[in-house]
Amino acid sequence: MDISSSNFPRFDLNSNTGEPEATARRTALATNTVHMDARHPSHLKVWLEGGLSALR
């Protein structure tokens, strides 16, 4: 699994600076956190080619 702050090229690049994307000249690293406890539940959706029949 890859955790990402963008979905390039589907969406524009995110410079992570808060600047307008069309004029942004600098970039900043992003920190992504996946919480996995009772207070912060997370889930992952997985689509299978072939649907449920692919599990058999």
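Residues numbered from 1 in each chain as written. Predicted model: local features only at pLDDT ≥ 70, side-chain atom pairs only at ≥ 80, totals over all residues. Heavy atoms only, no water.

## Some remarks on the overall build of the protein chain
A count of helical and extended segments in the protein chain gives 0 helices and 0 strands. Since a compact globule built from 56 residues should have a radius of gyration of about 10 Å, the 17 Å found for the protein chain marks it as more spread out than a globular shape. Overall, the protein chain is about 50 × 30 × 15 Å in size when its C-alpha atoms are taken along their principal axes. Sorting the 56 residues of the protein chain into buried and exposed places 4% on the buried side. Of the roughly 5,700 Å² that the protein chain leaves accessible, carbon and sulfur atoms contribute 54%. The positive charge centre, built from 6 side chains, and the negative charge centre, built from 6, are 5 Å apart in the protein chain. (Helix = DSSP H or I, 4+ residues; strand = E, 2+ residues; numbered from the N terminus. Rg over C-alpha atoms; globule rule 2.2 N^0.38 Å. Buried < 20%, exposed > 50% of the residue type's maximum accessible area, 1.4 Å probe, protein only. Areas by Shrake-Rupley, 256 points an atom, 1.4 Å probe, with all protein chains shown as cover. Lys, Arg positive; Asp, Glu negative; His and termini not counted. Charge placed at Lys NZ, Arg CZ, Asp CG, Glu CD.)

## A few points about unusual backbone geometry
One non-glycine residue with positive phi stands out, namely N16, at about 65°. For N16, a relative accessible area of 32% corresponds to the partly exposed category.

## Comments concerning the pattern of salt bridges
Here the structure, examined in full by the defined rule, presents 1 salt bridge. As a salt-bridge pair, E19 and R26 come within 2.9 Å of each other at their nearest N and O atoms. Judged by relative accessible area, which is 49%, R26 ranks as partly exposed. (Salt bridge = Lys/Arg side-chain N within 4 Å of Asp/Glu carboxyl O.)

## Quick word on the environment of L48
Taking the relative accessible area as the measure of exposure, L48 reaches 41% and is therefore partly exposed. Between the alpha carbons of L48 and V34 there is a distance of 22 Å; along the sequence they are 14 residues apart. Those residues in contact with L48 that lie beyond four places of it in its chain are A54 and L55. (Contact = heavy atoms within 4.5 Å.)

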